Amino acid sequence: MAIKQLSIFVENREGTLVTITDAIAKANVDIRAMSVADTNDFGIFRLIVTDYDKAKAALDDANCFVSITEVVGVAVDDEPGGLAKVIKILADHNINIEYMYAFITISRKFAYVVLRVADNEAAEKILLEHGIKLVSEEDIENL
């Protein structure tokens, strides 16, 4: 049930994010989650979108360097301790989180989080066994 994440290598210069977001907008694709990690010279712009094939094609056409990575999408109870519960479950089963970021959503029941782990299947199995709702590609389209 892993979801697809676009990772775009970007130069840390004025206008780079405009090029990326404009290409995605022109492809009529919505961004559902995003994260930017940067250094002085470059960065990685990570995105969860409603149609990763269309977004990747548009970014390729805009001469962007983009790769697709599978990540785990989790619906976290939107209450104090909701995220801590998910992180503890994974830690108790020796599953390390490499990075994470949140979805853009208007839900008041769940907060949505993207997790990058070494073994998606193991993380998904453990989370489901503990009653944690996972997010599918279809869920992303309907957010």
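The structure we're discussing is the one just above.
Since we're looking at a predicted model, the values are computed, not measured.

**Student:** It is not clear to me how the packing of aromatic side chains should be interpreted in this structure. Could you clarify?
**Tutor:** Counted according to the given criterion, the structure contains 3 aromatic pairs. The interplanar angle of 15 degrees and the centroid separation of 6.5 Å between the aromatic rings of Y99 and Y101 together place this pair among those described as stacked. For Y99, a relative accessible area of 19% corresponds to the buried category. If you follow R46 out to its NZ or CZ, it ends over the ring of Y99, 3.8 Å from the centre.

**Student:** I'm lost on the pattern of salt bridges in this one. Help?
**Tutor:** Side-chain pairing between opposite charges can occur once the charged atoms of the two side chains come close. Enumeration according to the criterion identifies 9 salt bridges in this entry. A salt bridge links K26 to D22; the shortest N-O distance between them is 3.0 Å. Remark: D22 and K26 occur in helix α1 (residues 16-26); sequence separation between them is 4 residues, near one turn of the helix. The class for K26 is exposed, based on a relative accessible area of 66%. Here K125 and E129 are joined by a salt bridge, their closest N and O atoms 2.8 Å apart. With K125 and E129 both in helix α4 (residues 120-129) and 4 residues apart, the pair spans about one turn of that helix. Residue classification places K125 among the exposed residues on the basis of a relative accessible area of 52%.

**Student:** How should I be thinking about the pairing of strand β3 (residues 42-49) in this particular structure?
**Tutor:** Consecutive residues of a regular strand have side chains that alternate between opposite faces of the sheet. Where burial is concerned, most of β3 is hidden: 6 out of the 8 residues are buried. Note that strand β2 (residues 31-38) and β3 share 7 bridges and pair antiparallel. Across the sheet, D38 pairs through a bridge with G43, a residue of β3.

**Student:** What's the story with unusual backbone geometry in this structure? I'm lost.
**Tutor:** Trans peptide bonds make up the majority, and among non-glycine residues the majority have a negative phi. Of note, the phi angle at N28 is positive, near 60 degrees, even though the residue is not glycine. On the basis of relative accessible area, N28 is assigned to the exposed category, the value being 66%. The phi dihedral of N94 is positive, around 60 degrees, even though this residue is not glycine. Tracing the chain through its elements places N94 in the loop between α3 (82-92) and β5 (97-102).

**Student:** Before we go on, may I ask you to explain the nonpolar core in this structure?
**Tutor:** The tendency in soluble globular proteins is for nonpolar side chains to be buried side by side. In this structure, L6, I8, I20, I24, L47 and L59 are the most contacted members of the largest nonpolar core, which totals 16 residues. At the level of secondary structure, the elements contributing two or more residues to this core comprise β1 (3-11), α1, β3 and α2 (52-61). Contacts of L6, omitting those with residues within four sequence positions, involve F45, R46, L47, V49, Y52, A55, K56, L59, V66, S67 and I68. Counting residues in each nonpolar core, the second largest holds 15 residues, with V72, V113, L115 and I126 among its members.

Basis of the calculations
Residues numbered from 1 in each chain as written. Predicted model: local features only at pLDDT ≥ 70, side-chain atom pairs only at ≥ 80, totals over all residues. Heavy atoms only, no water. Phe/Tyr/Trp six-rings, centres within 6.5 Å; stacked < 30°, edge-to-face > 60°. Buried < 20%, exposed > 50% of the residue type's maximum accessible area, 1.4 Å probe, protein only. Lys NZ or Arg CZ within 6 Å of the ring centre and 35° of its normal. Salt bridge = Lys/Arg side-chain N within 4 Å of Asp/Glu carboxyl O. Helix = DSSP H or I, 4+ residues; strand = E, 2+ residues; numbered from the N terminus. Pairing = 2+ DSSP bridges. Core = buried A, V, L, I, M, F, W, Y, C linked by side-chain atoms within 4.5 Å. Contact = heavy atoms within 4.5 Å.

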